[in-house]
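# Residue-level structure breakdown
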Amino acid sequence: MKRYDQLRNTAEEFGQEHLFQYWESLTDDQRSLLLDDIERIDFKTLAALVADKHADAAAIDESKIEAPPVYPHKPADEQLDLYAEALKTGKSMLADGKVGTMVVAGGQGTRLGFDAPKGTFPISPIKNKTLFQLFAENIQNVNRTYGCKMPWYVMTSSATDAPTRTFFEEHNYFGLDRDDVYFFQQGVMPAVDDAGKIILTEPHQVALSPNGHGGSLLALRDKGILEDAKRRGVDVISYFQVDNPLVSPADPLFIGLHQLAESQMSSIAVPKADDLEKVGNFVSIDGKIQIIEYSDLPDTLAHARNPDGSRKLDAGSVAIHLINRAYAEDLTGGTGVSLPWHRARKKVEYYDGASSTTVQPDAPNATKFEMFIFDAVPLANKSIILEQLREDCFSPVKNAEGVDSPATSRRDMIRRAAKWLEACNVNVPRDGNKDPQATIEISPLRAISAMQLRQSLDASLKINPNDEMYLD
Ligand code: UTP
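Predicted model only: the values in this text are computed from it and were never measured.

The next point concerns the packing of helix α4 (residues 80-95) against helix α9 (residues 252-260). Two quantities define a packed helix pair, namely the angle between the helix axes and the distance between the axes. Packing of α4 against α9 leaves a shortest axis separation of 7 Å and a crossing angle of 100 degrees. Between α4 and α9, the angle is such that the two are roughly perpendicular. Touching Leu82, Tyr83, Glu85, Ala86, Leu87, Thr89, Gly90, Lys91, Met93 and Leu94 of α4 are Pro252, Leu253, Ile255, Gly256, Leu257, Gln259 and Leu260, all from α9. Of the residues belonging to the contact of α4 with α9, the class tally is 11 nonpolar, 4 polar and 2 charged.

Below, the structure written as structure tokens:
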């Protein structure tokens, strides 16, 4: 009863006592479920957000926005020594066990419309390996190459946690040591209606949803990941998202540049596909790097050109970062984390007492709150950006069809495999559009770079149009 009293008092204090309106009709199990949900709510933060409706809508002073400094993917002559030194540094940090890797896999994947966690989506062009398997094999390759045991922190949410763990169990952790794979759940935020009241989806269930990928910072602290990383001697955490099969979970050059620049949080950028591409835009404001979402970037800036005609703001974010453990500790050192909240109007199902049913609304009826990881970039004392080519590092699975879909992602995996083979002097047949005419898949266990592929490639390899070629 103590838990009930406490939670009910808190709900009343914050004007959310309606959460208990069906209490009398609930079974014991349902009561306990409801209390579990209510216990997860940060009432104080929510009250502040509801009271201050425009808290996160900071105005952008266009005149201050400049293009940020970027390390190019191909170093200039005067940078060759720096890049060579960075590569060496990154490799030795990996070998010394100073790097851990983290995937955020708590999203709801609504656009893809896939029922299970997105990491379990089959994506590779021939073997249909899932996203999780591709990452696991890539990590195994890193471990083998550098003689390390890189920990892999997998952030889940209430919806993805159990099925993700089961999936790894069923597949024997894809060959990784299970002690090096650590699952942790992110926090939640409730959805509220227009009056700021928390929505119930059932008499015993609160409309809770994951608190955004920025919630990973608090979860790193609250779920003991930062401690685990410290115990293992991990100084840098490599952050990536679950939807991108081209990502390198640990890229030695990136790690080395980050380290040599004494950066606290670094990012990968790709040249934008077009002015209005739906990616975050790297900018520099008063010397600080930050990311402005495409939806917040004024059109004039999106279209702005340099004197040579090139795009002024051309660095698009692909959600790949390096975060120092010490920086994550600093950011989460107090009671919370000082990232801003972003609000979004969404359709959220709600329980209707009059009809005793759960209603699916036709139009947005609720506000959801999320934190974004990239808001931690401008809070860093030092931050760098490394440019990479999109074809090498980014082809996310977001939508069921069209752009950023399984079809484009598979196509890009094949294109990259073809590019690596050609870099090893293997002839790949191409059609009139220069697309590979064969389906090619390279296992990450075999190679995670063209250079590594070269070490094991049979010089007599022939690829014919319409071949299916799996290199394991
Ligand atoms: P997206 O913003 O693309 O969202 O997440 P999503 O949930 O995958 O897909 P939609 O928007 O519902 O269609 C980018 C990355 O951030 C993770 C996702 O799992 C994905 O790796 N993420 C997002 C979280 O881990 N937690 C969140 O609360 C939100």
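Within the secondary structure, Glu137 is located in helix α5 (residues 131-146). Glu137 sits 316 residues away from Leu453 along the chain, and the two C-alpha atoms are 15 Å apart. With residues near it in sequence (within four places) discarded, Glu137 still touches Lys129, Ser443, Pro444 and Leu445. Side chain to side chain, Glu137 and Ser443 meet in a polar contact 3.4 Å long.

A few words on the packing of aromatic side chains. The way to describe two aromatic rings as a pair is by their centre distance and the angle between their planes. In total, this model carries 19 aromatic pairs according to the counting rule given. Ring pairing ties together the aromatic residues Phe132, Trp152, Phe167, Phe168, Tyr173, Phe174 and Phe183, which thus form one cluster.

On to helix α6 (residues 158-170). What α6 keeps buried is the set Thr160, Asp161, Thr164, Phe167 and Phe168. Around the axis of α6, the buried residues are gathered within 145 degrees of arc, so they sit on the same side. Positioned one or two residues after α6, Asn172 has a phi angle of 50 degrees, which is positive.

Along strand β3 (residues 152-156), 5 of the 5 residues are buried, which leaves the element largely enclosed by surrounding structure. Burial of the side chains of β3 extends over both faces: Trp152, Val154 and Thr156 are buried on one face and Tyr153 and Met155 on the other. Crossover strand β2 (residues 99-104) to β3 through α5 is right-handed. Summarising the sheet, β3 and strand β4 (residues 181-185) pair through 5 bridges and their orientation is parallel. By the bridge assignment for β4, Trp152 is matched with Val181.

Taken together, the neighbourhood of the ligand is formed by 17 residues, with Val104, Thr110, Arg111, Gln186 and Lys398 sitting nearest. Between an oxygen atom of the ligand and a main-chain N or O atom of Gly107, the distance comes to 2.9 Å. With the chains in place, 86% of the 570 Å² that the ligand exposes on its own is no longer accessible.

Now for the environment of Asp299. Along the polypeptide, Asp299 turns up in helix α10 (residues 299-303). A relative accessible area of 48% places Asp299 in the partly exposed class.

Of all hydrophobic cores here, the largest spans 58 residues; its most connected members are Leu19, Phe20 and Leu217. When residues in this core are grouped by element, the largest group, 4 residues, is from helix α7 (residues 215-222). Not counting residues within four places of it along the chain, the set of residues in contact with Phe20 comprises Tyr4, Leu7, Arg8, Ala11, Leu35 and Ile38.

With that out of the way, let us pick up the environment of Asp375. Turning to its location among the elements, Asp375 is positioned in the loop between β17 (366-370) and β18 (385-387). Residues Asp375 and Gln290 lie 85 residues apart in sequence; the distance between their C-alpha atoms is 7.3 Å. Residues contacting Asp375, with those up to four places away along its chain left out, are Leu339, Pro340 and His342. A distance of 2.6 Å separates the side chain of Asp375 from the side chain of His342, its partner in a polar contact.

Helix α2 (residues 28-39) packs onto helix α1 (residues 2-13) with a crossing angle of 45 degrees between their chain directions and a minimal axis gap of 10 Å. Accordingly, the angle class assigned to the pair α1 and α2 is oblique. With respect to the hand of their crossing, α1 and α2 are arranged in left-handed fashion. Contacts from Arg3, Tyr4 and Leu7 of α1 reach α2 at Ser32, Leu35, Asp36, Ile38 and Glu39.

About the cut-offs
- Residues numbered from 1 in each chain as written.
- Predicted model: local features only at pLDDT ≥ 70, side-chain atom pairs only at ≥ 80, totals over all residues.
- Heavy atoms only, no water.
- Axes fitted to C-alpha atoms, helices over the stretch in contact; angles between N-to-C directions.
- Helix = DSSP H or I, 4+ residues; strand = E, 2+ residues; numbered from the N terminus.
- Parallel < 35°, antiparallel > 145°, perpendicular 65-115°, else oblique.
- Contact = heavy atoms within 4.5 Å.
- Nonpolar A, V, L, I, M, F, W, Y, C, P; charged D, E, K, R; others polar.
- Polar contact = N/O pair within 3.5 Å; in protein donor to acceptor, adjacent residues only side chain to side chain.
- Phe/Tyr/Trp six-rings, centres within 6.5 Å; stacked < 30°, edge-to-face > 60°.
- Buried < 20%, exposed > 50% of the residue type's maximum accessible area, 1.4 Å probe, protein only.
- Arc of directions from axis to C-beta.
- Right-handed = clockwise from strand over helix to strand, strands pointing away.
- Pairing = 2+ DSSP bridges.
- Near = heavy atom within 4 Å.
- Areas by Shrake-Rupley, 256 points an atom, 1.4 Å probe, with all protein chains shown as cover.
- Core = buried A, V, L, I, M, F, W, Y, C linked by side-chain atoms within 4.5 Å.
- Left-handed = near helix turned anticlockwise from the far one by under 90°.

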